[in-house]
Amino acid sequence: MRGRIARFRRRLLPGRNPLARVGDRVEALLLLLAIAGAILAIPFAAAVGSETYAAQTARASQERTTRHPATAVSLAAASGQSYGTDGAGAPVDQTTVPAAWFDARGTRHTGDVLTDAGSPAGTRVPVWLDQHGELTTEPLTASTSAADGVFAAILLWAAVTGGLVGLYAAVRFVLSRLHAAAWDRAWAQARHDSRY
């Protein structure tokens, strides 16, 4: 472990080492800039995460004032086949059925809702309605807003850091090719000189 730290320190700070090439110093400078960039990206990522959280919180507040829960009643029996999967391949025991519900003004609406597979006609299904009495999604929760903010911050920091790491790796690759070509030329010259 100490050997790795020492090698990293020498790579980061070649100093006055007479064996350090110009390419080694360029690589060290770029590594320092990449580390500094990753550290400096933290407050910017946190600010973006905070703004995302604030925007999502405002959206959640607006959705809570314009959406309300209601109960729909299925008009037909649900089939026994599931509607889809949960993303991991496991079946979800829900399917769509035609249903009816009433909005806040007492107007009857109909549409398709998700209910448990195999449920009989007349099953009561909880739904969310918008201001017009149409089906909509459940309002955002505080935990979802917080998760979105954290995800945005992490995603931005990872993108900046990944870009810096990619740039460092590309420059290091080019420098290693240049160093290898220089070694090849030096060996070719040494073999040429040894003939005389």
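Just so it is clear, the model here is predicted, and its values are computed rather than measured. (Residues numbered from 1 in each chain as written. Predicted model: local features only at pLDDT ≥ 70, side-chain atom pairs only at ≥ 80, totals over all residues. Heavy atoms only, no water.)

(A) Up close: the pairing of strand 5 (residues 108-116). Sheet topology places strand 4 (residues 94-102) next to strand 5; 9 bridges connect them, and they run antiparallel. Residue pairing across strands places glutamine 94 opposite aspartate 116, the latter belonging to strand 5. Linking two consecutive strands that pair antiparallel, namely strand 4 and strand 5, is a turn of 5 residues; a positive phi of about 90 degrees is found at glycine 106 within it. (Pairing = 2+ DSSP bridges. Helix = DSSP H or I, 4+ residues; strand = E, 2+ residues; numbered from the N terminus.)

(B) Spatial organisation of a nonpolar patch on the surface. Taken together, the side chains of Ile35, Ile39, Ile42 and Trp157 define a hydrophobic patch exposed on the protein surface, amounting to about 360 Å² of accessible area. Here the element with the most residues in the nonpolar patch is helix 2 (residues 22-66); it accounts for 3 residues. Considering the arrangement of structural elements, one finds tryptophan 157 in helix 3 (residues 142-194). For tryptophan 157, a relative accessible area of 34% gives the class partly exposed. (Patch = residues over 30% accessible without salt bridge, like charges linked within 9 Å, V, L, I, M, F, W, Y side chains within 5 Å. Areas by Shrake-Rupley, 256 points an atom, 1.4 Å probe, with all protein chains shown as cover. Salt bridge = Lys/Arg side-chain N within 4 Å of Asp/Glu carboxyl O. Buried < 20%, exposed > 50% of the residue type's maximum accessible area, 1.4 Å probe, protein only.)

(C) Looking closely at the side chain of histidine 109. Looking at where histidine 109 falls in the secondary structure, it is placed in strand 5. Within polar-contact distance, the side chain of histidine 109 engages the side chain of glutamate 134 at 3.3 Å. Dropping the residues within four chain positions of it, histidine 109 is found in contact with Ala99, Ala100, Trp101, Asp103, His132, Gly133 and Glu134. (Polar contact = N/O pair within 3.5 Å; in protein donor to acceptor, adjacent residues only side chain to side chain. Contact = heavy atoms within 4.5 Å.)

(D) Representation of the pairing of strand 4 in the model. Across 2 bridges, strand 1 (residues 68-74) lies against strand 4 in antiparallel orientation. Paired with valine 73 across the two strands is alanine 100, which belongs to strand 4.

(E) Structural detail: the nonpolar core. Ala70, Ala72, Ala78, Val97, Ala99, Trp101, Val113, Val125, Val127 and Leu129 form the largest nonpolar core, which has 10 residues in total. Elements that contribute at least two residues to this core include exactly strand 1, strand 4 and strand 6 (124-129). Setting aside anything within four residues of it in sequence, one finds tryptophan 101 in contact with Thr71, Ala72, Thr107, Arg108, His109, Thr110, Gly111, Val113, Leu129, Gly133 and Leu135. (Core = buried A, V, L, I, M, F, W, Y, C linked by side-chain atoms within 4.5 Å.)

(F) Quick peek at the environment of glutamine 62. Tracing the backbone shows glutamine 62 in helix 2. On the accessibility criterion, glutamine 62 (44% relative accessible area) is partly exposed. Along the backbone, glutamine 62 and leucine 140 are 78 residues apart, and their C-alpha atoms lie at a distance of 9.5 Å.

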